[in-house]
Amino acid sequence: MDILDAVQATAYLAAAGRAEADPFAGLFLEAMDDSSRALAASGRGEVLARTRLLDVMLLDLLRVAPGSAVVNVGAGLCARPYRLDLSACRETIEIDALPVLQFKDSILSGYQASCPLRRIPGDARSLPPLPAPAIVLTEGLLVYLTHDEIAALATALAALPGPVDWLADIVSTDSAAAMKTLAAQANSPLTLSGLDSLRVFEGAGWTVHDYRALPVNRPPGRPSPPGKASHRIVDGVIHLRLSH
Ligand SMILES: C[S@@+](CC[C@H](N)C(=O)[O-])C[C@H]1O[C@@H](n2cnc3c(N)ncnc32)[C@H](O)[C@@H]1O
């Protein structure tokens, strides 16, 4: 089971979306075609917002759990080890398809990461052995997995041999449908699935420790964030912890 080329190409979209906040993003973007640029522009606000939230949540977690490994699944062209001080972590492990990681290596080889860094070609649907304690990061990944694949990932992460925190962005079913339409219009057909509840995580033993809504595309008048116990899904970033 391969990670489709069209899905791998979304690594460029995410990098383009945060170019104004990520000095490394521009290094990756010459390879993008015009339709991808248009698609990236349409999602820019959301990507920037989620990246900023995840930056803050990751650094906060590393302050209280120094020595953890940071495991970035579907890392794409994320340059966090270069643009943030992650020296409090034991190491950062980045997992993605081999071509994505090879391209990233070729661009970033002259730059110094703030922590030990390993890139492992792999698939979120069959993770390699991972260390714990760990802070797992999935940014822009879950929307490309089916409900069953997310459930399997949640179970696999819950089985790591030690404390695990999981930071992830969450996309609602409505937003996933809208993204799918935009992608089709940009000749980049993608299968995207959103979430209509957090039970897929809770069923594997995770509890929602924090849930922050993205400050974009929110219908006026709706309260946010949704709260830890809520099953109402808005686009946002969650911090999951194991409840056992
Ligand atoms: C939208 S990009 C996000 C990349 C990065 N996390 C970021 O925010 O810049 C999605 C990434 O997930 C990767 N991906 C998709 N499905 C995957 C899977 N099953 N296993 C590992 N990586 C996957 C893609 O190759 C791509 O790099």
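Residues numbered from 1 in each chain as written. Predicted model: local features only at pLDDT ≥ 70, side-chain atom pairs only at ≥ 80, totals over all residues. Heavy atoms only, no water.

In the nomenclature of an unreviewed UniProt entry, the chain is known as S-adenosyl-L-methionine-dependent methyltransferase of Rhizocola hellebori.

Caption draft 1: Inspection of the packing of aromatic side chains at higher detail. Summed over the entire model, instances satisfying the criterion amount to six aromatic pairs. Considering the side-chain rings of Phe-24 and Tyr-111, the 5.3 Å spacing of their centres and the 85° angle between planes classify their relative orientation as edge-to-face. Of this pair, Phe-24 sits in the loop between helix 2 (10-17) and helix 3 (25-28) while Tyr-111 sits in the loop between helix 7 (98-108) and strand 3 (117-121); the two residues are 87 residues apart in sequence, bridging distant segments of the chain. Look at Tyr-111 and you get partly exposed, because its relative accessible area is 40%. A centroid spacing of 6.0 Å and a plane angle of 55° characterise the contact between Phe-28 and Phe-103, whose relative ring orientation is tilted. With Phe-28 in helix 3 and Phe-103 in helix 7, this pair connects stretches of sequence that are 75 residues apart. An aromatic cluster of three or more residues is present, and its members are Tyr-12, Phe-28 and Phe-103. (Phe/Tyr/Trp six-rings, centres within 6.5 Å; stacked < 30°, edge-to-face > 60°. Helix = DSSP H or I, 4+ residues; strand = E, 2+ residues; numbered from the N terminus. Buried < 20%, exposed > 50% of the residue type's maximum accessible area, 1.4 Å probe, protein only.)

Caption draft 2: Focus on the site of the ligand. Among the 21 residues in the neighbourhood of the ligand, the closest are listed as Arg-18, Gly-74, Asp-96, Ala-124 and Glu-139. Note that a nitrogen atom of the ligand is positioned 3.5 Å from one of the side-chain N or O atoms of Arg-125. Calculation on the ligand without its partners gives an accessible area of 590 Å², and the protein chains cover 98% of this total. Counting only elements with at least two residues in the shell around the ligand, the list comes to helix 1 (5-8) and helix 2. Of the residues forming the shell around the ligand, the biggest block, three residues, is contributed by helix 2. Residues that form the shell around the ligand fall into these classes: nine nonpolar, six polar and six charged. (Near = heavy atom within 4 Å. Polar contact = N/O pair within 3.5 Å; in protein donor to acceptor, adjacent residues only side chain to side chain. Areas by Shrake-Rupley, 256 points an atom, 1.4 Å probe, with all protein chains shown as cover. Nonpolar A, V, L, I, M, F, W, Y, C, P; charged D, E, K, R; others polar.)

Caption draft 3: Spotlight on the environment of Trp-166. For Trp-166, the position within the fold is in strand 5 (residues 164-170). Given a relative accessible area of 0%, Trp-166 falls into the buried group. Here the alpha-carbon distance between Trp-166 and Leu-4, two residues 162 residues apart in the chain, equals 25 Å. If we skip the residues at most four places from it in the chain, Trp-166 touches Val-136, Thr-138, Leu-142, Leu-153, Ala-154, Leu-157, Phe-201, Trp-206, Ile-238, His-239 and Leu-240. Of note is the side chain of Trp-166, whose polar atom sits 3.0 Å from the side chain of Thr-138. (Contact = heavy atoms within 4.5 Å.)

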